[in-house]
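Next come the chains, spelled out residue by residue.
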Amino acid sequence: MKINRKNIFVLAATLFTGYTACAQGYSIYEDTQMDMLQRQMYRVGEKRLHPSLRNYSLDDLNKVFDVDSVLYAGFDKPEKADRKIRNLFRNLIWDDLIQIKGEDYYVAINPMCDFSLGKAEGEKTYLNSRGFYVNGNLGKNFWFYMDLSENQMSTTDYETAHYNEFKSGSPVVAGFAASRSEYDFDFEAATGYIAFRIGKYLDFQLGKSKTFIGDGYRSLMLSDFTPAYPNFKMNATFGPVKYMFMISQLRANKQYAKTGGNKAVFTKYGFTHYLDVNIGKRVTLGLFENIMQCSWRENSDEYRGIDFEYVNPFIVLMPGEFDAGSPDKVLVGMNGTIKLAHWFNLYGQFVFNEFKIKELRAGNDWWANKYGFLGGFRSFDLFNVDGLDLQFEASRVRPYTYSQYTGQGAYTHLGNPLAHPLGANFREVLGILQYRHKRVYIKGQFNIAKHGEDIDYKNDNISYGGDPNKPSNDRPGQYGNTMFQGVASDIKYFEGEFAWLINPKTRLNAVISFRTRHKTNELVDEQSKHINFALRWGIKNWYHDY
C-alpha cells in the first residue's frame, strides 16, 4: 500500500510552522554551547536521563533536578516589580518577554534575532536576522512551539562556496533554509511542532524540526547540520529505557525532470529507530537504525509513495527493506557512554552501512566496507575550577558510508549531510574548552581534519566517496578505495568566543568571536580570518567548522 504525496507530513508542516514544544514540555535550547541544562544531564547521580536524544523533555529533567535552579544558578532572580514598564524590563533580563498564563496554560512570546557585523578576507560580513518564537502548554499533556525569522547575510568565502555547492535549485544555508540569492544570502527560516502525551509512558511530536542523536559535539548517526524537515516522532520512556521512532520527509539536492517536462526536487523518507538503555549507574547503550526510501523509482517518473513495510515502529528495518526488494539505503549503529566519575564521561559511536568480514581481513580496501567511528570524553570543573569544562573528540569515516547507488537516496537533506558536516572519507579531531561564571561565557575550540574531497578538476565525474550526494556506482573500482582518495584536503580551524549572557532563560547575549580556517590541498591554499560582533536572542546551533 502507498500513501499519497500530500501526506500527513506536509499537512503538519503547513499547519504548524514552528518547532520544539515548550516551557513544561520539551527543551527549546538548540545552541548546545549555551545550554546549561545539557551539562547538568551528564552529571546526575542515582537517577539517570537520556541526553543522547535531543531535544529532551523538561518534565523528565525536573524529576532529576530543578530546571529553573540550573538556568539561574549564581543569580538572585528578582520578584516582579509593581509597574508594567518595570515588569517588562525585568522580563527582558530574567524571563520570557511576554507571558500569557493561567492555572493550566502558559504561552511565552520572545523575539528571535541575530544582529552580527564582522570582517573576513578584508570584506564586511553581516547577519541581519529578525523574527520571533512562541512556546507554551495547554494543560499538562499538550505543548507547542513555533518560530519564524527573516534573514539577510554576507559571510566568509568558504561558507559561501559550501552553500552554493550543496544546493537544491537554490543555495542552501546549512542548518536553516534555501536562499533566494547566491552571495548576499536572503532566506526565511521556520520550524515548529506540537507535542502531546498519552498516558504515563508515550508522547508524540508532529511538525517540522531537527533531531540530534549522540553524546558528542558531532554525530555519525543524526545531527542538526541540515535545515529542519517535516517529521512525526513517537517517544516511549519506561524505567531505564527510552525508545524513539521517527518518520521524516527529506529532499534530495538536485532537480529532476518529471512527466510533462516540469522539474521538482525529489522527496525521500527517513525511518529511524533509536533505543537507549541505562545499564546500572554508569553505562548507557544506544542502538540506531535508519532506512532512506526514495519516493521516485530510479530513472522513472513513477511515484512510490511510502512503503508500509517501513512504517511499523516495532521491527528491525532490515527484513522490511529486504521484503520491499532491497532498493533503499540502510544505516545502523551503536552509541554508548560510560560515567567513570561524577566529573568525567567517555562516549562513542560506531555506524556502518555494510561490510564483509572476509573483505576486511583481505585488506584490499573493498569499496563497500562502509563504516565510521567516533570517540571522546567530557570533563567537568577541570582542575576543580567551577564551570571550566573540557571536551575532546575524534572521528573517522570510510568512503561511501553515507552514499547510495543513486544520488537521490543518499543520507542527506537538501544536499547537506544528515550526520557529520564533512560527509564521509575523513578523519577529524577537535577540542573544546569553555568556562561559565554567572553571565560570563568563554570558549576556545580547535578542529584538525583530513578529508578526501570529490572535486571534478579532471572532469571525470568519479565519486571518491567523500560527497554522499554522488552515486556510489560512479566509483573508480571495486578495490583500492583508500581513505582520503580524491583530493586530500587538510583543514585546520580555531574559534575563540567571549559572550555576556543578558537573559539566562531566553539566551539573550552579546558576543565577540574570532575564527580562523586554513585549508590546503594540491589545488588550493585557502585562509580565512573572521572577527565578528553579535547580539543574539533565541539562538540555535550554527556550525562554521567544516
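Calculation criteria
- Residues numbered from 1 in each chain as written.
- Predicted model: local features only at pLDDT ≥ 70, side-chain atom pairs only at ≥ 80, totals over all residues.
- Heavy atoms only, no water.
- Patch = residues over 30% accessible without salt bridge, like charges linked within 9 Å, V, L, I, M, F, W, Y side chains within 5 Å.
- Areas by Shrake-Rupley, 256 points an atom, 1.4 Å probe, with all protein chains shown as cover.
- Salt bridge = Lys/Arg side-chain N within 4 Å of Asp/Glu carboxyl O.
- Helix = DSSP H or I, 4+ residues; strand = E, 2+ residues; numbered from the N terminus.
- Buried < 20%, exposed > 50% of the residue type's maximum accessible area, 1.4 Å probe, protein only.
- Phe/Tyr/Trp six-rings, centres within 6.5 Å; stacked < 30°, edge-to-face > 60°.
- Lys NZ or Arg CZ within 6 Å of the ring centre and 35° of its normal.
- Polar contact = N/O pair within 3.5 Å; in protein donor to acceptor, adjacent residues only side chain to side chain.
- Contact = heavy atoms within 4.5 Å.
- Core = buried A, V, L, I, M, F, W, Y, C linked by side-chain atoms within 4.5 Å.
- Pairing = 2+ DSSP bridges.

### Regarding a nonpolar patch on the surface
Here's step 1: The grouping of F392, I442, F446, I448, F494, F498, W500, I512, F514, I531 and F533 at the surface amounts to a nonpolar patch, some 950 Å² of accessible area in total.
Here's step 2: Put simply, the parts of the chain that give the nonpolar patch at least two residues each are β22 (440-453), β23 (487-503), β24 (508-520) and β25 (525-537).
Here's step 3: Its location among the elements puts I442 in strand β22.
Here's step 4: The exposure class of I442 is partly exposed, given its relative accessible area of 37%.

### What to know about the environment of N532
Here's step 1: Structurally, N532 can be placed in strand β25.
Here's step 2: Overall, N532 belongs to the buried group, its relative accessible area being 9%.
Here's step 3: A sequence separation of 406 residues divides N532 from Y126, and the C-alpha atoms of the two residues are 8.4 Å apart.

### A closer look at the packing of aromatic side chains
Here's step 1: Counted under the stated rule, the structure contains 19 aromatic pairs.
Here's step 2: Ring centres of F225 and Y546 lie 5.5 Å apart, and the angle between their planes is 75°; on these two criteria the pair is classed as edge-to-face. Of this pair, F225 sits in the loop between β10 (212-213) and β11 (229-238) while Y546 is found in the segment after β25, placing the two residues 321 residues apart along the sequence. Just as F225 is buried, Y546 falls in that class too.
Here's step 3: An angle of 20° between the planes, with centres 5.7 Å apart, marks the rings of Y402 and Y411 as stacked. Neither Y402 nor Y411 differs from the other in exposure class; each is buried.
Here's step 4: Linked through ring pairs, Y158, Y217, F225, Y543 and Y546 together constitute an aromatic cluster.
Here's step 5: Above the face of the Y42 ring, R378 is positioned so that its terminal group lies 4.5 Å from the ring centre.

### Details of the side chain of N110
Here's step 1: For N110, the location among the structural elements is in strand β3 (residues 105-120).
Here's step 2: Side chain to side chain, N110 and D96 meet in a polar contact 2.9 Å long.
Here's step 3: Of note is the side chain of N110, whose polar atom sits 2.7 Å from the backbone nitrogen of L97.
Here's step 4: The residues touching N110, leaving out its near neighbours within four places in the chain, are D95, D96, L97, F132, Y133, T506 and W537.

### Observations regarding the nonpolar core
Here's step 1: Counting 44 residues, the largest nonpolar core has I213, Y402 and Y411 as the members making the most contacts within it.
Here's step 2: Elements represented by at least two residues in this core include exactly α6 (157-165), β8 (185-198), β10, β12 (241-257), β14 (283-294), β16 (344-354), β21 (426-437) and β23.
Here's step 3: Not counting residues within four places of it along the chain, the set of residues in contact with Y411 comprises M221, L222, F288, N290, M292, K329, L331, Y402, P417, L418 and A419.
Here's step 4: Judged by nonpolar contacts, the second largest core, of 22 residues, contains M36, M41, F65 and I539.

### Let's talk about the pairing of strand β15 (residues 329-341)
Here's step 1: A large share of β15 lies buried, amounting to 10 of its 13 residues.
Here's step 2: Here β14 pairs with β15 via 10 bridges, running antiparallel. Counted as the bridge partner of L285 is G336 from β15.
Here's step 3: Direction of pairing for β15 relative to β16: antiparallel, over a ladder of 9 bridges. Residue pairing across strands places M334 opposite F350, the latter belonging to β16.
Here's step 4: From the end of β15 to the start of β16, which pair antiparallel, there are 2 residues.

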